[in-house]
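Inside the fold
The lines below spell out each chain.
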2 protein chains.
Amino acid sequence: MKNQYFKGLKCTHCNKEYGPDADLLLCPECEHLLDPFYDYEALKRDWKKLDIKSRPNDIWRYKELMPVVDFDKIVTLGEGGVPILDCPEIAKELGVKEFYIMCDYMLPSGSLKDRTIAITATKAKEFGYDVLSCDSSGNKAASVATYAARAGIKSVVFVPDTTPAAKVAQSLFHNATLVKVKADLSTLSEMYRSVIRSKKYRWYDCGIDNPYRYEGKKTYAYEIIDRLNGRAPDYILQPASLGMSIVKAWKGFREARELGMYDGEFPKMVCCQSDKVGPIVSAINSGADHVTPSKRVPTVASALAVADPVLNGEETLKAVRESGGTGIHTDDETLLHYWKKLAGIGIFCEPSSAIGVASAYKMAKDGKLRESDVMVAIVTGSGFKDIGRVEENVSMPEKSVEDLNQLYAYIEETDVG
Amino acid sequence: MKNQYFKGLKCTHCNKEYGPDADLLLCPECEHLLDPFYDYEALKRDWKKLDIKSRPNDIWRYKELMPVVDFDKIVTLGEGGVPILDCPEIAKELGVKEFYIMCDYMLPSGSLKDRTIAITATKAKEFGYDVLSCDSSGNKAASVATYAARAGIKSVVFVPDTTPAAKVAQSLFHNATLVKVKADLSTLSEMYRSVIRSKKYRWYDCGIDNPYRYEGKKTYAYEIIDRLNGRAPDYILQPASLGMSIVKAWKGFREARELGMYDGEFPKMVCCQSDKVGPIVSAINSGADHVTPSKRVPTVASALAVADPVLNGEETLKAVRESGGTGIHTDDETLLHYWKKLAGIGIFCEPSSAIGVASAYKMAKDGKLRESDVMVAIVTGSGFKDIGRVEENVSMPEKSVEDLNQLYAYIEETDVG
């Protein structure tokens with residue numbers, strides 16, 4: 001079945017339009033990002049009769065708002081529809097009305113990437129590619145390997161040689177060709193893009209220039225509105241590497257209001273980065289129009305450590321400002337504190353993923369929140385993704401007990417005895 | 001809000017009944033398993049107006065069929081409502097009409113246990129306990145630690161000292177008191193039960209005797225029927241340790257038909273175990289009324305290696321036979337083969353979890369399947385749970401590339417170059 005609502009791509013810079021079948025990365029005219037667009041009049045007319053709620057609870061529930069042409073080519077592992085957990089204890093500590101954690105760490109490959117890679121796997125099928133490719137700090141590589149396997153095609157992924165072993169093993173187990181590169185994430189990205197631009201290989205690029213991929217992130221907006229029974233929250237707290245989660249969630253909230261999924265105020269988008277590698281937040285806070293690359297230094301927030309977000313960074317600046325949002329830097333020590341705090345309430349995520357919650361506490365401390373505020377933090381990657389760091393942060397029992405006497409003795413020494 | 005439909009516990013052996021507030025493990029009269037029961041007449045009368053489909057997509061969508069008294073005490077991390085993936089390639093290879101994989105590896109703590117531990121965390125809150133406890137091969141421990149954290153109470157878990165490090169670290173990171181025991185799973189279970197029976201500690205036991213816990217597994221039936229748009233499949237393939245997934249899914253399918261969620265034939269329950277430690281399957285195939293404990297030997301299917309399923313084993317025998325089902329043994333080599341096959345189609349699970357799919361291929365080979373069959377295999381634990389074994393089964397790249405020339409040379413050597 002064809003998607004009659006998806007109409008094509010439009011350049012974010014020169015406004016040139018391309019048809020819905022265009023197999024493009026950046027705009028061929030001006031080398032800026034392309035943005036999918038839809039027949040919103042027809043969508044408004046038809047929205048109610050599409051009966052979204054009767055469909056399976058994944059991103060394809062909103063397939064008419066996805067940039068796919070042929071619904072029969074959809075590649076899916078049931079990504080989306082994750083729990084959005086009410087956390088009244090956190091709301092109380094922050095002094096706000098409601099606080100929710102959106103559990104993207106429960107997606108199929110264990111990270112947020114699946115919302116976007118499901119789209120690229122589908123586009124690869126539409127365009128007839130046999131290989132999916134990407135550069136990655138680890139999560140995107142795992143997602144690309146996973147969805148290529150589901151699609152029945154190959155994958156090739158490029159990761160820094162410092163990538164946690166679990167992410168590497170996961171990609172390899174799904175039969176990816178994996179290339180370890182001795183470089184930081186931004187340098188790796190430059191190398192990878194030069195390979196893609198050489199057009200030597202017929203790979204479907206799931207990297208930062210792909211105009212289709214990020215549309216999957218609009219589902220943040222749709223799912224949050226659905227969970228809040230037709231409301232938008234006051235703040236969305238999002239971990240940012242390139243910032244496209246913010247750009248596309250913002251697009252999603254604008255579309256959703258246009259389509260009548262909620263009314264009232266737009267939410268404010270909060271861009272959350274490490275203070276060590278957080279160039280977008282620096283630009284937001286300094287009032288700059290452009291993002292100046294940051295230094296390339298190690299941080300606990302390894303999944304977010306993009307020193308140069310290139311074109312995407314400016315799109316993010318625009319989205320944050322349009323929404324009336326803000327940017328928050330978090331230092332490594334604070335991040336680790338909130339990572340452990342989340343584990344203490346049953347949330348098993350990687351350190352980078354705690355940055356939204358950490359940022360909310362910073363906003364509360366700075367007096368920026370109101371009693372009536374409703375907030376949603378996206379928690380983006382599973383604790384399993386960096387299990388080495390989990391192991392570093394727990395005390396493994398040194399000895400095993402061998403019989404009942406030893407067992408009772410052990411219990412008596414603990415606080416549950 | 002109170003659950004007016006949950007009516008109490010009934011002994012599976014002596015039929016003695018207890019009220020819905022009973023804080024019991026085994027039947028105090030005869031030491032057999034207790035089974036929750038409900039006011040089915042009232043449920044039949046009210047089912048449609050409960051409007052199940054308008055609720056969040058988790059196990060609590062069916063809360064009236066759960067053995068909880070006070071809905072306000074529900075402890076949840078959004079468990080349930082997992083993807084049930086259509087796998088036409090597998091269906092074709094098996095020569096059946098439809099084959100689905102139910103992704104319980106995507107539950108919050110990474111395994112099926114969350115369906116049951118969400119119930120015990122809720123009961124602990126109802127009964128006023130401050131500690132959740134269990135014995136475990138690792139997954140249940142992680143789940144108990146996770147849900148205790150969400151409930152704001154403590155946890156104490158007992159695991160064999162051979163438990164994979166990831167499962168141990170996960171439990172500890174959620175602040176569990178973890179006791180490593182130098183013993184196999186059945187010996188550990190005996191030790192743990194003697195601690196519980198000593199009543200020395202006020203712990204809420206999430207172990208094998210708990211009458212509330214397993215009811216969460218009835219949701220297998222409800223979710224499958226919902227995914228198949230009001231149909232029941234012909235076969236449900238379930239990995240079995242004690243077999244309670246089978247017992248309770250079977251109960252769920254009987255209840256669901258009673259309530260009009262589907263009509264037509266009941267599904268047949270297939271009990272899937274390792275040939276090394278597979279005492280329930282041995283009993284099914286030999287026509288025995290009782291389960292004879294198997295030898296205690298290591299197997300790849302470590303999460304299923306219960307040598308003595310005690311009372312639960314007999315309940316499983318009954319359920320399999322009532323449904324017209326069967327039992328299938330799988331050897332380690334075959335299991336690893338299907339585990340890798342699943343990775344090759346995008347499913348990242350632990351080896352034990354591939355046993356349902358392996359069993360389906362055995363049934364096909366033995367000529368037991370028909371062209372019209374619809375089958376669902378439950379895939380129960382995440383690949384992250386035993387990442388060490390994943391790492392053993394992939395070839396890590398030995399070297400990193402350092403520049404573009406090396407990168408191109410590397411690509412040329414691969415099958416994507």
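Notes on the structure in this doc start here. (Residues numbered from 1 in each chain as written. Chains lettered and ligands numbered in written order. Predicted model: local features only at pLDDT ≥ 70, side-chain atom pairs only at ≥ 80, totals over all residues. Heavy atoms only, no water.)

Within chain A, the regular secondary structure consists of 14 helices and 13 strands. Over its C-alpha trace chain A gives a radius of gyration of 22 Å, about what one expects of a compact globule, namely 22 Å for 417 residues. Dimensions along the principal axes, computed over C-alpha positions, put chain A at roughly 75 × 50 × 45 Å. Buried positions account for 65% of the 417 residues belonging to chain A. A sequence separation of at least 24 residues applies to 70% of the contacts in chain A between residues at least 6 apart. Surface exposure of chain A reaches about 14900 Å², of which carbon and sulfur atoms provide 46%. Within chain A, the 59 negative side-chain charges are centred at a point lying 5 Å from the centre of the 54 positive side-chain charges. (Helix = DSSP H or I, 4+ residues; strand = E, 2+ residues; numbered from the N terminus. Rg over C-alpha atoms; globule rule 2.2 N^0.38 Å. Buried < 20%, exposed > 50% of the residue type's maximum accessible area, 1.4 Å probe, protein only. Contact = heavy atoms within 4.5 Å. Areas by Shrake-Rupley, 256 points an atom, 1.4 Å probe, with all protein chains shown as cover. Lys, Arg positive; Asp, Glu negative; His and termini not counted. Charge placed at Lys NZ, Arg CZ, Asp CG, Glu CD.)

Here we come to the sheet that holds strand β11 (residues 268–274) of chain B. Residues and elements named next belong to chain B. In spatial order, the strands read β4-β5-β13-β10-β11-β12; together these 6 strands make up an open sheet with mixed pairing. Taken across any chain shown, the strands that pair with only one partner, and hence form the sheet edges, are β4 (84–86) and β12 (326–330). On average, each strand axis in the sheet is inclined to that of its neighbour by 25°, with strand direction left out of account. For strand β5 (residues 98–103) and strand β13 (residues 374–379), the ladder comprises 6 bridges, and the chain directions are parallel. By the bridge assignment, E98 is partnered in β13 with V374. Here helix α8 (residues 244–258) sits on the sheet in contact with β10 (235–239) and β11, set at roughly 170° to β11. (Pairing = 2+ DSSP bridges. Axes fitted to C-alpha atoms, helices over the stretch in contact; angles between N-to-C directions.)

Further remarks concern the interface of chain A and chain B. Size of an interface, as often reported, equals the accessible area lost when the parts are brought together. Tallying the contact residues gives 77 residues for chain A and 77 residues for chain B. For the pair chain A and chain B, the summed buried area comes to about 6600 Å², and 69% of that belongs to carbon and sulfur atoms. Counting the surface chain A buries against chain B, the share from its top three residues, F173(A), F384(A) and V416(A), is 12%. Linking D415(A) and K154(B) is a salt bridge whose minimum nitrogen-to-oxygen distance equals 3.4 Å. The tally of links between chain A and chain B comes to 18 residue pairs in polar contact (both at pLDDT 80 or more). (Buried area = accessible area lost by both parts, 1.4 Å probe. Salt bridge = Lys/Arg side-chain N within 4 Å of Asp/Glu carboxyl O. Polar contact = N/O pair within 3.5 Å; in protein donor to acceptor, adjacent residues only side chain to side chain.)

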